[in-house]
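# Descriptive structure summary
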Amino acid sequence: MSELSLVVVGSLNVDLTVPVTRLPAPGETVAGPGAHRAPGGKGANQAVAAARLGARVRLVGRVGDDDFGREVLAAVAAEGVDVSGVTTGGAATGMALVVVEEGGENMITVARGANGLLDAAGLDLSGADALLLQLEIPLEVCLAAAVRAKAAGIPVILNAAPFRPGLEDLLRHVDLLIVNESEAVALGGDTDPAALLALGPGTVVITLGERGAVATDGHELVRVPSFGVEVVDAVGAGDTFCAQLAISYTYRRPLREALTRACAAGALATTGPGAQSAMPAARQVERLMADAS
């Protein structure tokens, strides 16, 4: 099977993570033993995950002209991701503040920083087999990239996270939509993926956390359970799921197989601390699927 070329247009952040025994309630302070800094952002995370899973990846985004920006770029490039499409300056590098409790549940707050200044000027989709988008960058950039990809016959994959209103135009240019349950309800008022097909996507996938995922392409409805693993930290699991699903979808794997592979990859990403540091290689996904079968 030839190497797939994936263009990811999305965010790059520095993640500052604090482990705690339990998540704080509103207005409450919960102390943790320390903090850990690591590269993150949904765009960078999905780019790194896809590269580890065997795709050739080009990342388009923006970072600040600061030490954090240089740190994130160096980390992503070290994974084999082409970062020539990442521009610099205008604001500080984006940052995510992550609180993770024992058991892997988390709370995340994101400061957009330079991600909010990304534009579509000079966006290069040449040679791309698929385009992968998320919503931590300006919506108009996502729309411009999707319109350009559709005109070129390139499949458009959207992880509509974090959710924001006003996605109607964008969804009409999306081939594969990936959302979690709360995002599905915000988009269509329902957790039935068939209800979201009317918005434009050809295939809809809804992740269900520890209950796996459900998907439909209008012809079949597929439900896949989660994989039993020992969860350490769920940060980055959704991004890994999206990367694996994007690869399988672009290779035109059957829907059930694509969903199963994505659930396996996402589960493996929860077995270590951090986002990018815990993302699996393709051989690990194959091994988990073989063990489970």
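Quick note: structure is the one above.
The text that follows walks through the structure, step by step, so that each part is easy to find. (Residues numbered from 1 in each chain as written. Predicted model: local features only at pLDDT ≥ 70, side-chain atom pairs only at ≥ 80, totals over all residues. Heavy atoms only, no water.)

### Points about helix 2 (residues 67-78)
For helix 2, spanning 12 residues, the distance from its first C-alpha to its last is 16 Å, which sits close to the expected 16 Å at 1.5 Å a residue. Every buried residue of helix 2 is accounted for by Gly-69, Val-72, Leu-73 and Val-76. Across the axial projection of helix 2, the buried residues extend over an arc of 95°, all falling on one side. Every exposed residue of helix 2 that faces more than 90 degrees away from the buried side is listed here: Asp-67 and Ala-78. (Helix = DSSP H or I, 4+ residues; strand = E, 2+ residues; numbered from the N terminus. Expected span 1.5 Å × (residues − 1). Buried < 20%, exposed > 50% of the residue type's maximum accessible area, 1.4 Å probe, protein only. Arc of directions from axis to C-beta.)

### Digging into the sheet that holds strand 7 (residues 106-111)
On the basis of which strands lie adjacent, the open sheet formed by four strands has the order 3-2-6-7 and mixed pairing. Two strands in the sheet have a free side with no partner beyond their single neighbour: strand 3 (36-40) and strand 7. Here the strands of the sheet are splayed against their neighbours by 25° on average, with no regard to which way each runs. In terms of strand pairing, strand 6 (residues 94-101) meets strand 7 through six bridges, oriented antiparallel. Looking at strand 7, one finds that Val-100 is bridged to Asn-106. Strands strand 2 (13-20), strand 3 and strand 6 of the sheet are contacted by helix 2, whose axis makes an angle of about 65° with strand 3. (Pairing = 2+ DSSP bridges. Axes fitted to C-alpha atoms, helices over the stretch in contact; angles between N-to-C directions. Contact = heavy atoms within 4.5 Å.)

### Quick word on the sheet that holds strand 11 (residues 203-207)
The strand order across the open sheet formed by nine strands is 5-4-1-8-9-10-11-12-13, and the pairing between neighbours is mixed. What marks the edges here is a single partner per strand, and that holds for strand 5 (82-88) and strand 13 (221-224). Strand-to-strand twist in this sheet, taken as the mean axis angle between neighbours without regard to direction, amounts to 15°. Relative to strand 10 (residues 176-180), strand 9 (residues 156-159) runs parallel, the two sharing three bridges. When the bridges of strand 10 are listed, Leu-158 appears paired with Leu-177. Strands in contact with helix 8 (residues 255-268) are strand 11, strand 12 (213-216) and strand 13; relative to strand 13, the strand with the most contacts, it is inclined by about 30°.

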